[in-house]
Amino acid sequence: MFDATLAGSLPKPFWLAETNRLWPQWKAEGRDRETAKRDATLLWLKAQEDAGLDIVSDGEQSRQHFVHGFLEFVDGIDRANKVEMGIRNNRYTAMVPQVRGKLSMKGRAHATEARLARAHTTRKLKFTLPGPMTICDTVADRHYGERRKMAMAFAELLNQEAKALEKDGVDVIQFDEPAFNAFTEDAASWGIDCLHCAIDGLKCTTCVHICYGYGIKQNIDWKKTLGSEWRQYQDFFPALAKSRIDQVSLECTHSRVPPDMMALLGGKDVLVGVIDVASDQVETPEEVADTIGLAMKFVPKEKIFACTNCGLAPMDREIAKRKLQALGAGTRLARQRYA
Ligand code: ZN
């Protein structure tokens with residue numbers, strides 16, 4: 001009951017990349033960089049195990065960014081000539097690469113880190129990939145002419161990588177779709193179709209993570225404009241409940257998401273955000289257990305997982321570690337309390 005897991009990303013140590021950045025520059029080159037990525041991955045696996053997490057991840061230590069880390073392995077993209085584009089429905093602008101031709105994989109994207117993580121933990125292993133709609137909201141289209149069409153093309157590539165990750169021994173494949181909360185109607189009308197394409201033929205557990213973004217200033221400012229209740233989830237959760245995705249990871253603690261939104265996911269495993277990623281204040285185990293208790297009003301307890309609201313990548317490393325410990329301790333407390 002109440003397996004503890006994380007959304008996916010963790011801060012990179014100072015010797016691997018710039019700290020406290022969402023899109024940091026690597027510190028080392030060539031072989032040294034590969035060694036540093038490997039060391040950082042092992043360090044975070046140990047920290048997750050020590051914290052008592054049941055489902056662990058590679059912490060995305062081998063990727064510079066949760067979307068661009070995958071796009072590096074895709075052909076048909078001009079990454080040298082980036083252009084400015086408004087993303088997440090113009091919440092902020094970013095310099096993005098351009099899709100200039102038919103998309104295809106250059107080869108495997110994440111074999112090295114997935115196999116490394118698999119070889120070094122006996123816990124369940126989760127691997128994260130960017131969702132097709134979120135990728136489309138993070139690149140400029142100069143080829144497909146229609147977002148939905150380009151998203152489907154990315155979904156096919158994600159499916160290739162996901163099938164290979166399953167063969168590498170990954171237990172859970174999660175697609176990160178923060179763009180669902182920015183384009184809620186598109187999420188229901190075609191975002192979920194693209195996810196179905198991305199999970200086609202998989203036997204492992206599948207998950208979609210939908211949040212209100214990393215704890216960066218642009219997202220915190222945007223949240224202030226969303227009013228006293230954030231009801232974005234209600235536009236597409238009913239469609240997601242009918243989908244073939246097994247699990248939904250959502251934002252809960254310290255957010256203005258009405259907790260009854262969780263009831264719209266009938267039948268799904270719900271990964272409840274019990275750790276805030278936009279605050280350095282470390283949750284107490286009691287607070288974590290309380291949030292799990294709140295979720296129990298809307299989700300059967302055997303369907304509840306304890307998770308973070310989003311990735312911890314831009315956070316201070318020590319605080320992230322203490323947040324993982326709070327997640328583990330709070331989940332253990334909830335098991336005692338609600339058994
Ligand atoms: Zn997130």
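To be clear, the structure that these remarks concern was listed above.
This write-up is about the structure you can find in this document. (Residues numbered from 1 in each chain as written. Predicted model: local features only at pLDDT ≥ 70, side-chain atom pairs only at ≥ 80, totals over all residues.)

### Quick look at the sheet that holds strand β5 (residues 140–141)
For step 1, the next point in the chain: Spatially, the 3 strands line up as an open sheet ordered β2-β3-β5, and their pairing is mixed. What marks the edges here is a single partner per strand, and that holds for β2 (74–87) and β5.
For step 2, the next point in the chain: As judged from the 9 bridges shared by β2 and strand β3 (residues 92–105), these two strands associate in the antiparallel manner. Across the sheet, residue I87 finds its bridge partner in β3, namely Y92.
For step 3, the next point in the chain: Contacting β2, β3 and β5, helix α5 (residues 147–167) crosses the sheet at an angle of about 70° to β3. (Pairing = 2+ DSSP bridges. Helix = DSSP H or I, 4+ residues; strand = E, 2+ residues; numbered from the N terminus. Contact = placed C-beta atoms within 7 Å. Axes fitted to C-alpha atoms, helices over the stretch in contact; angles between N-to-C directions.)

### Considerations on the pairing of strand β6 (residues 172–176)
For step 1, the next point in the chain: Among the 5 residues in β6, 5 count as buried, and that is most of the element.
For step 2, the next point in the chain: Neither face of β6 is exposed, since V172, Q174 and D176 on one face and I173 and F175 on the opposite face are all buried.
For step 3, the next point in the chain: Pairing of strand β4 (residues 124–130) with β6, which is carried by 5 bridges, proceeds in the parallel orientation. Looking at the pairing, T128 lines up with Q174 of β6.
For step 4, the next point in the chain: For β6 and strand β7 (residues 205–210), the ladder comprises 5 bridges, and the chain directions are parallel. Along β7, the bridge assignment pairs D176 with H209.
For step 5, the next point in the chain: Handedness of the β-α-β unit built from β6, helix α6 (residues 184–199) and β7 comes out right-handed. (Buried ≥ 20, exposed ≤ 12 C-beta atoms within 10 Å, placed from the backbone. Right-handed = clockwise from strand over helix to strand, strands pointing away.)

### Some remarks on the sheet that holds strand β10 (residues 304–308)
For step 1, the next point in the chain: Pairing within the open sheet is parallel, and its 7 strands lie in the order β1-β4-β6-β7-β8-β9-β10. Of all the strands in the sheet, the pair left with one neighbour each is β1 (55–57) and β10. In this sheet, adjacent strand axes meet at a mean angle of 30° when their direction is disregarded.
For step 2, the next point in the chain: The pairing of β7 with strand β8 (residues 247–250) spans 4 bridges and is parallel. Looking at the pairing, I210 lines up with L250 of β8.

### What to know about the pairing of β10
For step 1, the next point in the chain: With respect to burial, β10 is a largely interior element, 5 of its 5 residues being buried.
For step 2, the next point in the chain: The side-chain alternation of β10 yields two buried faces, one formed by I304, A306 and T308 and the other by F305 and C307.
For step 3, the next point in the chain: Of the pairings in the sheet, the one linking strand β9 (residues 269–275) to β10 comprises 5 bridges and is parallel in character. Considered in β10, the bridge of G273 is made with C307.

Honestly, that's just the spatial picture; any functional story needs more than this.
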